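# Architecture at a glance
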Amino acid sequence: MKDHPRRSAWPPLLVAIALEVMATLSLRAAEGFTHPLWLILVVIGYSGSLWLLSVVLDRGMPVGVAYGIWSAIGVVATAVLGTVLFGELLGPVQIIGVGVIVVGVLLVELGSRTREIAQPSTPEVAS
């Protein structure tokens, strides 16, 4: 039996982030229920994002790392695009907060890689 290489979790994670950001920005564009067609993108975006996040987990990325990256990049992208698309301003404290989020995600990712290196994989037992 041929071993198949594990597929990368990064492509579906990046698409999941993009869909989540699209859904959140569409939620803002819907302005409550005054523009209900935007809500279609909200449902499609959040549903697709969560499904792809489950694909990421199935491909072996630890849940804490996957969710941390997904949510943090989503927050940063939504904040930046909110300023561009809707004219929402970010104050100095908010900008620092976005920076702290980025640093936090990097630390979580680095911590998971350090842990993978420190824990050697156990050999599989033949059945």
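Remember, predicted model here, so these are calculated numbers, not experimental data. (Residues numbered from 1 in each chain as written. Predicted model: local features only at pLDDT ≥ 70, side-chain atom pairs only at ≥ 80, totals over all residues. Heavy atoms only, no water.)

### Some points on the nonpolar core
A general feature of soluble globular proteins is that nonpolar side chains tend to end up buried together. The condition is simple: Take the buried Ala, Val, Leu, Ile, Met, Phe, Trp, Tyr and Cys residues and link them wherever side-chain atoms come within 4.5 Å; each set so joined is a nonpolar core. Note on classification: 1.4 Å probe, protein chains only; a residue is buried when its accessible area is under 20% of the maximum for its type, exposed when over 50%, partly exposed between these limits. Every helix listed is a DSSP run of H or I at least four residues long, and every strand listed is a run of E at least two residues long, numbered separately from the N terminus.
Among the nonpolar cores identified, the biggest contains 17 residues, and Leu 13, Ile 17, Val 56, Met 61, Ile 69 and Trp 70 are the most heavily contacted of them. At the level of secondary structure, the elements contributing two or more residues to this core comprise α1 (10-29), α2 (38-58) and α3 (63-86). Looking at this core element by element, the count peaks at six residues for α1.

### Describing α3
Counted only if it meets this: Given a helix with a known number of residues, its expected span is that number minus one, times 1.5 Å.
With 24 residues, α3 extends 32 Å between its outermost C-alpha atoms, agreeing within 8% with the 34 Å of an ideal straight helix rising 1.5 Å per residue. Where α3 is concerned, the buried positions are Val 65, Ala 66, Gly 68, Ile 69, Trp 70, Ala 72, Gly 74, Val 76, Thr 78, Ala 79 and Gly 82. A positive backbone phi angle near 70° is found at Gly 87, which sits one or two residues after α3.

### Focus: α1
Definition in use: In what follows, residue pairs with any heavy atoms lying within 4.5 Å of each other are defined as contacts.
With 20 residues, α1 extends 28 Å between its outermost C-alpha atoms, agreeing within 8% with the 28 Å of an ideal straight helix rising 1.5 Å per residue. When we look at burial in α1, the residues that qualify are Pro 12, Leu 13, Ala 16, Ile 17, Leu 19, Glu 20, Val 21, Ala 23, Leu 25, Ser 26 and Ala 29. On its buried face, α1 sits against α2 and α3. Immediately downstream of α1, the backbone of Glu 31 shows phi near 45°, a positive value.

### Let's talk about the packing of α2 against α3
Our working definition: Orientation is described by lines fitted to C-alpha atoms, with helices fitted over the stretch in contact, and by angles between N-to-C directions that extend from 0 to 180 degrees. Rotating anticlockwise by less than a right angle from the far helix to the near helix defines a left-handed crossing, while the corresponding clockwise rotation defines a right-handed one. Nonpolar residues are Ala, Val, Leu, Ile, Met, Phe, Trp, Tyr, Cys and Pro. Charged residues are Asp, Glu, Lys and Arg, and all others, Gly as well, are polar.
Interaxial distance between α2 and α3 falls to 10 Å at its minimum, and their mutual angle equals 145°. At the point where α2 passes α3, the crossing takes the right-handed sense. Each of Ser 49, Leu 50, Leu 53, Val 56 and Leu 57 in α2 lies in contact with α3, whose residues at this interface are Val 63, Ala 66, Tyr 67 and Trp 70. Its residues assigned to classes, the contact of α2 with α3 shows eight nonpolar, one polar and no charged.

### Let's talk about the UniProt feature "transmembrane region" (unreviewed entry) in the protein
Note the threshold: UniProt positions are given in the numbering used here, feature names are shortened, and annotations may be inferred rather than shown by experiment.
Following the UniProt record, the feature "transmembrane region" (unreviewed entry) maps to residues 38-57, 64-87 and 93-111 here. Annotated as 96% helix and 0% strand, the span residues 64-87 places its first and last C-alpha atoms 32 Å apart. Along residues 93-111 the backbone is 100% helical and 0% strand, and the end-to-end C-alpha distance reaches 27 Å.

### Some words on the environment of Ala 23
By the element assignment, Ala 23 lies in helix α1. Residues within four places of Ala 23 in sequence aside, it is in contact with Leu 41, Val 42, Gly 45 and Tyr 46.

### A word on the side chain of Arg 59
Put simply, the test is: Positive residues here are Lys and Arg, negative ones are Asp and Glu, while His and the chain termini are left out of the count. One speaks of a salt bridge when a side-chain nitrogen belonging to Lys or Arg is within 4 Å of a carboxyl oxygen belonging to Asp or Glu. Within 3.5 Å is the distance limit for a polar contact, defined as a pair of N or O atoms, with the added protein rule that one can donate a hydrogen and the other accept it, and that residues adjacent in sequence qualify only through two side-chain atoms.
Along the polypeptide, Arg 59 turns up in the loop between α2 and α3. The buried charged residue Arg 59 lacks any salt bridge partner; its closest oppositely charged side chain belongs to Asp 58, at an N-O distance of 6.4 Å. A polar contact is formed between the side chain of Arg 59 and the backbone oxygen of Ser 8, at a distance of 2.7 Å. Beyond its immediate chain neighbours, meaning those up to four positions away, Arg 59 contacts Arg 6, Arg 7, Ser 8, Ala 9 and Pro 12.

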